[in-house]
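Next come the chains, spelled out residue by residue.
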Amino acid sequence: MQAFNVQHIRENFPALSFCNAKGQRIVYLDNSATTQKPYCVIDALIDFYQRMNANVHRSFYEWGNRATEAYEHTRTSLSKFIGAQYPEEVIFTRGATESINCLADIVGQRYFQQGDEVLVSELEHHSNLIPWQMQQKKCGIQVKGWPVDAEGNLEVSTLQALLTPRTKLLAVTQVSNVLGTTPDLKNIIACAHANGTLVLVDGAQALAHLKINVQDMDCDFYVGSSHKMYGPMGVGFFYGKRKWLETLPPYHGGGTMMESVFMDSFTAAGIPKRFEAGTPPVADVIGFGKAIAYLQQFNWQSLMQYEESVIVYAERMLCAIPRVRLIGHPKTKTAIVSFLVDKIHPHDVATIVNDQNIALRAGHHCCQPLMHRLGCKGGVVRVSLGIYNTFEDIDRLAEAIDVALTVFKS
Amino acid sequence: MSLQDIYQEILLAHNENPNHFEFMLDATHQAYGNNPLCGDEVTVFVKIENDVVKAVSFMGEGCAICKASSSLMTSTLCELSLPKAIDKTQQFIQLLSDTSTQIPDDLGELEALLGVRKFPARLKCATLAWHAFLKAITDEHR
C-alpha cells in the first residue's frame, strides 16, 4: 500500500506537465468528463499492439492466449475492485452509456410490462434517463422522476411515496456529476427492494473516488466507464447479480455470444459471453486492468481524505470570491463543486480560465432536468477533481476567476 | 490568441446592454434556436413588410458572445431587403465558420466578432441567432 503523495502521483501522468504558450502548467479540473491516464495505462496499450495483438477467445496461438488471459484478468480485477461475487457478473461494454442502454433494453424485454414504471432520480445524467424513456415506446412503461430537494439531496422519505406496486426499476447515481451528491444508496436500495423494485446504480462518477462494494450496497445492476477512472476511453462495464444476468436475453447478436447456430435459430452462450458479441476493445480492456491496478495501490482512506480536503478548500476559495455562488449544498458529496459567477455566463467563465490554461466544464453537463430544478437554465461552471489535483490548482483557479471579473468589470 | 481577441469592449457593451432585446408583438416571423450541448437559447423575431426586413429582435439566455452577436445582428439586418438579409446572414456564418474566407471591408461593428474564428468552441454561440433568423424567415407557419 502506497502512502498518498500527490507530487509523486503527478509524475505518473505525462499530460499534467503540459504548458501553454505562456508557460502556464495545465490545471485539469474536468475529471468528471474524463480523467488523464498514467504511464502504466498508456504503456499497456502500446505493449498490447507491439507484443500480443490478437483476437481473444478464439486464437490457438501464443499471442491469442496472452491477449485472452490479459483480457480476462481485467474482468477478475474489476470484479474484485467493485466487490462482485463472481467475475462473470462483470460484462465489458463501450462505456457506462452503452451499459445502461443495453440493460434498459434487455431488462425491459424480460421484466417490463405495459403500465409498469421506472423511477429515475433527477440527479441523473441524460445517459441514465433517455435509455429508460426509450423503453416507454418499446414496452409501454412510464418513466417517473424522483425529485431532488433544493440543495441537491435525494431523500429516502420522498422515495417511499413514489414507489408503487408497478415500480419495476429504480435508476439512481452513486455520485451526481454536477453537484457531487452521494445519495445514501444502502438505504435507498433497501427501500426499493422492500417494494420488489430492482435498482440500477450509475457508478460512472464514483469509481475513481469511492470504495465500491456492490454486494454490500446490494444493487442489482451497476455501470461504469474506464476513462473516468484513469483508464482508456471506449470501454466500460456493467455488473449484474448473477441471478438476474442468467435470466436476461442477449443484446447484440454476433460472434462469441452464441453456443450453437443454425440457419434459422441460435442458442445463446452463458454469462458473461452472452452480452459480449463481436471483437471487444481488447487493448483498452487490458489498459483498463492497469488503471484498476494503479488505483488499487493506494490506501483508499487516504485517497478519499485527500480529495475531500481539496474539494473543501475549493469550496472555501470559491466562496471567498465576490459574485461567486456555489450551486447546491448536498449533505454528503465528493470531488465535485459547481458554481455561478454573477453576470458572467458559465461559457465565458470557462473560456477566460482556459486562457490561464485551466480546463473545466461549463454548461448543463447532460443534466437538463436537474438544471431546471436548480433554476440554472444557462448551466453552471463545474470543477471536478482527480487524484492528482492540488491546493495550488485551486489557487490558480481562484486567480483565473479574478481575471474573469476584471474582463467583465461592469 | 488572447482574451482581448474575443472579449472586445464593444462585445461586452452589447452583452451588457443588448439592442432590440425584446419580445416583438407584431412579428411576422419568429424562430427558436438552441445549442443543446451548452444551453444557449434565443428566439429571434422578424417583421417583414414588402420583402424588406423592417425589424429584428431577440430574447433568450446565452453567453456574452451569443448575446452580443444576436444584438449586432438585429441592427445589421434591419432595413435590408429580404434577399440581401439572407445573403448577409449566410456570408457572416461562412466568415466565422471558415477561417479561409476573405474578410470583407464593410463589416462595421461585426468585425468585433472575428475573434471567434480563433475560438472554434465558441462558433455556435456566435452564430446561433443568425441561424435562428434563417429558420424564422423560412418557417412559413411561424
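Reading the values: the criteria
Residues numbered from 1 in each chain as written. Chains lettered and ligands numbered in written order. Predicted model: local features only at pLDDT ≥ 70, side-chain atom pairs only at ≥ 80, totals over all residues. Heavy atoms only, no water. Helix = DSSP H or I, 4+ residues; strand = E, 2+ residues; numbered from the N terminus. Rg over C-alpha atoms; globule rule 2.2 N^0.38 Å. Contact = heavy atoms within 4.5 Å. Lys, Arg positive; Asp, Glu negative; His and termini not counted. Charge placed at Lys NZ, Arg CZ, Asp CG, Glu CD. Buried area = accessible area lost by both parts, 1.4 Å probe. Salt bridge = Lys/Arg side-chain N within 4 Å of Asp/Glu carboxyl O. Polar contact = N/O pair within 3.5 Å; in protein donor to acceptor, adjacent residues only side chain to side chain. Patch = residues over 30% accessible without salt bridge, like charges linked within 9 Å, V, L, I, M, F, W, Y side chains within 5 Å. Areas by Shrake-Rupley, 256 points an atom, 1.4 Å probe, with all protein chains shown as cover. Core = buried A, V, L, I, M, F, W, Y, C linked by side-chain atoms within 4.5 Å. Buried < 20%, exposed > 50% of the residue type's maximum accessible area, 1.4 Å probe, protein only. Domains from an automatic or database assignment. Phe/Tyr/Trp six-rings, centres within 6.5 Å; stacked < 30°, edge-to-face > 60°. Expected span 1.5 Å × (residues − 1). Arc of directions from axis to C-beta. Nonpolar A, V, L, I, M, F, W, Y, C, P; charged D, E, K, R; others polar. Pairing = 2+ DSSP bridges. Axes fitted to C-alpha atoms, helices over the stretch in contact; angles between N-to-C directions.

1. As for the overall build of chain A
When you go through chain A residue by residue, the secondary structure sums to 14 helices and 15 strands. Compactness check: chain A gives a C-alpha radius of gyration of 22 Å against a globular reference of 22 Å for 410 residues, within 12% of the reference. If you line up chain A on its principal axes, its C-alpha atoms span 75 × 55 × 35 Å. Of the contacts formed within chain A by residues at least 6 apart in sequence, a portion of 72% connects residues at least 24 apart. Charged side chains in chain A number 37 positive and 39 negative. The centres of these two groups are separated by 3 Å.

2. Let's talk about the overall build of chain B
Of regular secondary structure, chain B possesses 5 helices and 3 strands. Order of helices (α) and strands (β) in chain B, N terminus to C terminus: α-α-β-β-β-α-α-α. Relative to a compact globule of 142 residues, whose C-alpha radius of gyration would be 14 Å, chain B shows 14 Å and is just as compact. Considered along the principal axes of its C-alpha atoms, chain B spans approximately 45 × 30 × 25 Å.

3. A word on the interface of chain A and chain B
On the chain B side, the residues contacting the 16 residues of chain A number 22 residues. Taken over both partners, the interface formed by chain A and chain B buries close to 1500 Å², and the fraction arising from carbon and sulfur atoms is 53%. Considering only the surface of chain A that becomes buried against chain B, A:H347, A:T351 and A:K377 emerge as the three largest contributors, covering 30% of it. Inspection of the chain A/chain B interface yields 2 salt bridges. Here A:D348 and B:R122 are joined by a salt bridge, their closest N and O atoms 2.9 Å apart. Counting across the chain A and chain B interface gives 8 residue pairs in polar contact (both at pLDDT 80 or more). Among the secondary structure elements, those contributing two or more residues to the side of chain A that touches chain B are α12 (346-354) and α14 (391-407) of chain A.

4. Side note on a nonpolar patch on the surface
Together, B:F21, B:F23, B:L25 and B:M59 line one region of the surface with nonpolar side chains, adding up to about 430 Å² of accessible area. Mapped onto the elements, B:L25 comes out in the loop between α2 (9-16) and β1 (29-34).

5. Observations concerning the nonpolar core
Counting residues in each nonpolar core, the largest one holds 153 residues, and the members touching the most others are A:I82 and A:Y222. Of the residues forming this core, the biggest block, 10 residues, is contributed by helix α5 (residues 123-138) of chain B. The residues that make up this core include at least three from each of domain 1 (6-30 + 299-404) and domain 2 (43-296) of chain A. Dropping the residues within four chain positions of it, A:Y222 is found in contact with A:Q174, A:V201, A:G203, A:A206, A:L207, A:I212, A:V214, A:M217, A:F237, A:F238 and A:Y239. Ranked by size, the runner-up nonpolar core spans 28 residues in total, among them A:I100, A:C102, A:L103 and A:I141.

6. A few points about the packing of aromatic side chains
Residues and elements named next belong to chain A. Here the structure, examined in full by the defined rule, presents 19 aromatic pairs over all chains. Plain terms: the ring middles of F13 and Y294 are 5.6 Å apart, the flat faces sit at 85° to each other, and that makes the pair edge-to-face. Remark: Y294 occurs in helix α10 (residues 282-296) and F13 occurs in the loop between α1 (6-10) and β1 (27-28); sequence separation between them is 281 residues. We classify F13 as buried; its relative accessible area is 1%. Between the aromatic rings of Y111 and W244, the centroid separation amounts to 5.9 Å while the plane-to-plane angle is 85°, which identifies the pairing as edge-to-face. With Y111 in helix α4 (residues 96-111) and W244 in helix α9 (residues 242-245), the pair connects residues that are 133 residues apart, well separated along the chain.

7. Some thoughts on helix α2 (residues 39-51) of chain A
Residue and element names in this part refer to chain A. Between its first and last C-alpha, α2 extends 17 Å over 13 residues, near the 18 Å set by a 1.5 Å rise per residue. Those residues of α2 that sit buried are V41, A44 and F48. Buried positions in α2, seen along its axis, are confined to an arc of 50° and lie on one side of it. Opposite the packed face of α2, turned more than 90 degrees from it, sit the exposed residues Y49 and Q50.

8. Points about the environment of B:Q8
Mapped onto the secondary structure, B:Q8 falls in the loop between α1 (3-6) and α2. Expressed as a C-alpha distance, the spacing of B:Q8 and B:S70, which sit 62 residues apart in the sequence, is 15 Å.

9. Digging into the domain arrangement of chain A
All names here are of chain A. With domains assigned, chain A is organised as domain 1 (6-30 + 299-404) and domain 2 (43-296). Look at where the C-alpha atoms of domain 1 and domain 2 centre, and you get two points 28 Å apart. Domain 1 puts 35 residues into the contact, and the matching count from domain 2 is 31 residues. Between domain 1 and domain 2, a total of about 2700 Å² is buried, with carbon and sulfur atoms accounting for 59% of that surface. Sorting the residues of domain 1 by area buried against domain 2 places W300, L370 and R373 first, and these three jointly supply 24% of that buried surface. Summed over the shared surface of domain 1 and domain 2, the result is 2 salt bridges. Linking E155 and K331 is a salt bridge whose minimum nitrogen-to-oxygen distance equals 2.6 Å. Inspection of the domain 1/domain 2 interface yields 17 residue pairs in polar contact (both at pLDDT 80 or more). Listing elements by their share of the side of domain 1 that touches domain 2, those giving two or more residues are α11 (300-319), β12 (336-341), α13 (368-374) and β15 (380-384). It is α13 that contributes the most residues to the side of domain 1 that touches domain 2, 6 residues altogether. For the side of domain 1 that touches domain 2, the residue count by class is 20 nonpolar, 10 polar and 5 charged.

10. Comments concerning the sheet that holds strand β11 (residues 324-326) of chain A
Residues and elements named next belong to chain A. Strand order in the open sheet formed by 4 strands is β11-β12-β15-β14, and the pairing between neighbours is antiparallel. At either end of the open sheet lies a strand with only one pairing partner, and these are β11 and β14 (361-363). Going from strand to strand, the sheet's axes swing by 30° on average, the running direction of each strand aside. Sheet analysis places β11 next to β12, joined by 3 bridges and oriented antiparallel. Its bridge partner lying in β12, R325 is registered against L340.

11. Some points on the side chain of B:T127
Along the chain, B:T127 falls in helix α5. Contacts of B:T127, omitting those with residues within four sequence positions, involve B:I93 and B:L96.

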